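# An overview of the molecular structure
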Amino acid sequence: MTDTGSRSALMDGASPQRENEAADRRSASAAGTISILFPCLNEAAAIGESVRRAAAVLEAEGVPGEILVIDNGSTDGSAEIARAHGARVVSEPRRGYGSALRRGLLEAEGEFIVLLDADGTYPLERVGDFVRPLREEGVDLVIGNRFAGEMERGAMPFL
């Protein structure tokens, strides 16, 4: 995601200067790198395993990258667990999933950014399948569906 024009739609509330600074960090030296972002609020039960699996994916893909946990005010030790498993942890004091995502997008240093939940519900082993079209086909965005077209009744609330 090097197009800062499309990025700005995701980052309402962030100043243009801050967006440009984030884009500058993702310079040519970040070519091919992956940032795996985990917004996190009280995910102590799953964050360690999620970070471990993400690190294994980066290693299996053979690409440099980072695992970035955006802590959104956890009180259960999630941030410390993530750090202990090798993640870079950034605190976002503004509450809400959107605030955590925005902060993560600003902080990410990789050329390719993968957004995942920290609760262990996404198949991290598929990260390479998402990044390959970005790298090899030049697509701008890849979106996954963890339900693969099948959703158990009541699995997700309507709203």
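Because the structure is a prediction, the values reported are computed rather than measured.

The next point concerns the overall build of the protein chain. Helix and strand counts for the protein chain come out as 6 helices and 4 strands. Across the protein chain, helices and strands are ordered from the amino to the carboxyl terminus as α-α-β-α-β-α-β-α-β-α. Within the protein chain, the proportion of its 159 residues that are buried is 40%. Taking as baseline every contact in the protein chain between residues at least 6 positions apart, the subset at least 24 positions apart corresponds to 66%. Accessible area for the protein chain stands at about 9000 Å²; split by element, carbon and sulfur atoms hold 52% of it.

Time to look at the sheet that holds strand β1 (residues 34-40). Strand order across the open sheet formed by 4 strands is β3-β2-β1-β4, with parallel pairing between neighbours. Two strands lie at the open edges of the sheet, namely β3 (88-91) and β4 (112-115), each paired on one side alone. Sheet twist, expressed as the mean angle between neighbouring strand axes with direction ignored, is 25°. Here 7 bridges tie β1 to strand β2 (residues 65-71), and the two strands are oriented parallel to one another. Counterpart to Pro39 in the pairing with β2 is Ile70. Sheet strands touched by helix α5 (residues 97-107): β1, β2, β3 and β4. Its angle to β2, the strand with the most contacts, is close to 150°.

In this structure, Ile36, Phe38, Ile47 and Val69 are the most contacted members of the largest nonpolar core, which totals 24 residues. For this core, the secondary structure elements donating two or more residues are β1, α3 (47-61), β2, α4 (78-84), β4 and α6 (127-136). No other element matches α3, which puts 5 residues into this core. Leu37, Ile70, Val90 and Ala108 belong to the second largest nonpolar core, which has 8 residues in total.

Here we come to the confidence of the model for the protein chain. Looking at the protein chain, the pLDDT average stands at 82 and 72% of residues meet or exceed 70. Segment residues 1-12 is flagged for pLDDT under 50; beyond a separation of four residues in sequence, or across chains, it makes 19 contacts in the model.

A few words now on the pattern of salt bridges. This model, assessed by the stated rule, comprises 10 salt bridges. Between Arg88 and Glu66 there is a salt bridge whose closest N-O contact spans 2.8 Å. Linking Arg88 in strand β3 with Glu66 in strand β2, this pair joins segments that are 22 residues apart in sequence. Taking relative accessible area as the criterion, Glu66 reaches 13% and is therefore assigned buried. A salt bridge links Asp129 to Arg126; the shortest N-O distance between them is 2.6 Å.

Inspection of the secondary structure puts Val57 in helix α3. Exposure remark for Val57: the relative accessible area of 7% places this residue in the buried category. As a C-alpha pair, Val57 and Glu125 span 68 residues in sequence and 6.0 Å in three-dimensional space. Every residue in contact with Val57, bar those within four places of it in the chain, is listed here: Leu124, Glu125 and Val127.

With respect to the helices, strands and loops of the structure, Asp119 is situated in the loop between β4 and α6. Separated by 81 residues in sequence, Asp119 and Phe38 have C-alpha atoms that sit 9.0 Å apart.

Thresholds applied
In every chain, residue numbers begin from 1 and rise along the written sequence. Given that this is a predicted model, residues contribute local features only at a pLDDT of at least 70 and side-chain atom pairs are listed and counted only at 80 or more, while totals for whole chains, interfaces and linings are drawn from all residues. Side-chain measures were taken over the full set of non-hydrogen atoms in the model, leaving aside hydrogen atoms and water. In DSSP terms, a helix is any run of H or I states spanning at least four residues, a strand is any run of E spanning at least two, and both are numbered starting from the N terminus. Three labels apply to residues, based on accessible area from a 1.4 Å probe with only protein chains included: buried if under 20% of the type maximum, exposed if over 50%, partly exposed otherwise in between. Any two residues whose heavy atoms approach within 4.5 Å are treated as being in contact. Each accessible area value is a Shrake-Rupley result obtained with a 1.4 Å probe; residue values ignore everything except the protein chains displayed when judging cover. Each pair of strands is called paired provided DSSP finds at least two bridges between the two strands. For helices, the fitted line uses only the C-alpha atoms of the stretch in contact; every axis is such a line through C-alpha atoms, and the angle between N-to-C directions lies from 0 to 180 degrees. Each nonpolar core is a collection of buried residues, namely Ala, Val, Leu, Ile, Met, Phe, Trp, Tyr and Cys, held together in the definition by side-chain atoms within 4.5 Å. As a per-residue quantity, pLDDT reports the predictor's confidence and falls between 0 and 100. What counts as a salt bridge is simple: a side-chain nitrogen of Lys or Arg found within 4 Å of a carboxyl oxygen of Asp or Glu.

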